[in-house]
Amino acid sequence: MKNLVVLISGRGSNLKAIIDAIECGKIKAKISLVLSNKKDAKGLEIAQSYGIKTKFVDPSFFASRKGYDIYIAELIKKENPDLIVLAGYMRILSDEFIDAFDGKIVNIHPSLVPSFQGKNAQKQAIEFGSLITGCSVHFVTKELDNGPVIIQAAVPVLPEDTEETLSNRILQYEHRIYPQAIKWILEDRVNVKGRKVIVKDAKYGTIPINPALEDF
Ligand code: GAR
């Protein structure tokens, strides 16, 4: 049985989408640990309600980011994970952590990477005046929100959008693409060549995305 470790910092809706995909048999794996850097992360309660082991590790007990990451890397290694899933984990990972699990860490980011990296990606998209944004699942490299892209969903930005309405629209697609990408990886269908990710037997197609497309 393949094994996931999920890192969170908050609400845990992506974690819940992954748990749902496991529960209904779409992803054949278990989550052996959900780890948070925030004590009050709602996602910890979600995990506990499914009997999943959780751990909060307090960053304030560590003098450096590196010290924290070496500590959590040791905890994670004990779980022997096939994949480490960042699901709203809002801490930059040190190079030491990334080296320890090279090619085995994935992240979801609420933009079409490489646009709008870092925090508040949805707000950045609105302020920039983008008409289309979206979400991306990518492998984690030492560059923030910038690793090889496994799957993306395009989402329109509507004129009346607030950060909240846009975030909610994007989130619906996050919940679809993250379990999908994890399933592909665990089925050994994902190959990375440089920046390019090739998914074996994936169906590619076109998507109508422009919100203001008229006959012309
Ligand atoms: C999600 O929108 C995720 O894409 C974003 O945080 C939210 C977590 O929600 N992650 C980042 O911005 C990472 N840079 P969740 O806790 O409900 O899954």
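For the structure itself, consult the block above.
These notes cover the structure that comes with them. Only a predicted model underlies this, so the values are computations on that prediction, with no experimental measurement involved. (Residues numbered from 1 in each chain as written. Predicted model: local features only at pLDDT ≥ 70, side-chain atom pairs only at ≥ 80, totals over all residues. Heavy atoms only, no water.)

**Topic: helix α1 (residues 13-23)**
Here is step 1: In terms of residue burial, α1 counts as a mostly covered element, since eight of its 11 residues are buried.
Here is step 2: For α1, the set of buried residues is Ser13, Asn14, Leu15, Ala17, Ile18, Ile19, Ala21 and Ile22.
Here is step 3: Check the buried side of α1 and you find it contacts β1 (2-8), β2 (29-36), α2 (42-49), β4 (83-86), β5 (105-109) and α6 (163-186).
Here is step 4: Looking one or two residues past α1, glycine 25 carries a phi angle of roughly 85°, positive in sign. (Buried < 20%, exposed > 50% of the residue type's maximum accessible area, 1.4 Å probe, protein only. Helix = DSSP H or I, 4+ residues; strand = E, 2+ residues; numbered from the N terminus. Contact = heavy atoms within 4.5 Å.)

**Description of the site of the ligand**
Here is step 1: Around the ligand lies a shell formed by Arg11, Gly12, Ser13, Asn14, Gly88, Met90, Ile108, His109, Pro110, Asp145, Leu171 and Glu174.
Here is step 2: Between the ligand and asparagine 14, the relevant distance is 2.9 Å, taken from an oxygen atom to a main-chain nitrogen or oxygen of the residue.
Here is step 3: Between the ligand and histidine 109, the relevant distance is 3.0 Å, taken from a nitrogen atom to a side-chain nitrogen or oxygen of the residue.
Here is step 4: Contact with the protein chains covers 89% of the free accessible surface of the ligand, which is 450 Å².
Here is step 5: Elements supplying a minimum of two residues to the shell around the ligand: α1, β5 and α6.
Here is step 6: Residues that form the shell around the ligand fall into these classes: four nonpolar, five polar and three charged. (Near = heavy atom within 4 Å. Polar contact = N/O pair within 3.5 Å; in protein donor to acceptor, adjacent residues only side chain to side chain. Areas by Shrake-Rupley, 256 points an atom, 1.4 Å probe, with all protein chains shown as cover. Nonpolar A, V, L, I, M, F, W, Y, C, P; charged D, E, K, R; others polar.)

**A short note on the pairing of β4**
Here is step 1: Where burial is concerned, the two faces of β4 agree: the one with Leu83 and Val85 and the one with Ile84 and Leu86 are both buried.
Here is step 2: One ladder, built from four bridges, connects β1 with β4; its direction is parallel. Among the inter-strand pairings, valine 6 is bridged to a residue of β4, identified as valine 85. (Pairing = 2+ DSSP bridges.)

**Topic: the pattern of salt bridges**
Here is step 1: Under the definition given, this model contains 12 salt bridges.
Here is step 2: With a shortest N-O distance of 3.8 Å, lysine 2 and aspartate 188 are connected by a salt bridge. With lysine 2 in strand β1 and aspartate 188 in the loop between α6 and β8 (190-193), this pair connects stretches of sequence that are 186 residues apart.
Here is step 3: What makes lysine 2 partly exposed here is its relative accessible area of 27%.
Here is step 4: What makes aspartate 188 exposed here is its relative accessible area of 58%.
Here is step 5: Among the ionic pairs, aspartate 201 bridges to lysine 200, the shortest N-O distance being 3.8 Å.
Here is step 6: Residue classification places aspartate 201 among the exposed positions, given a relative accessible area of 61%.
Here is step 7: Here the salt bridges share partners, and the residues they tie into one network are Lys183, Glu187 and Arg189. (Salt bridge = Lys/Arg side-chain N within 4 Å of Asp/Glu carboxyl O.)

**Some remarks on α6**
Here is step 1: For α6, built from 24 residues, the straight-helix expectation of 34 Å at 1.5 Å per residue is met to within 8% by its first-to-last C-alpha distance of 33 Å.
Here is step 2: Aspartate 188, located one to two residues past α6, shows a positive phi value of around 55°. (Expected span 1.5 Å × (residues − 1).)

**Some remarks on the sheet that holds strand β7 (residues 149-156)**
Here is step 1: The strand order across the open sheet built from seven strands is β3-β2-β1-β4-β5-β6-β7, with neighbouring strands paired in mixed fashion. Since the sheet does not close on itself, it has two edges, and those belong to β3 (54-56) and β7, each with one partner. The mean angle between the axes of side-by-side strands here comes to 20°, regardless of whether they run parallel or antiparallel.
Here is step 2: Looking at chain direction, β5 and strand β6 (residues 132-139) are connected through four bridges and run antiparallel. Looking across to β6, one finds that valine 106 is bridged to phenylalanine 139. (Axes fitted to C-alpha atoms, helices over the stretch in contact; angles between N-to-C directions.)

By themselves these figures say nothing about function.
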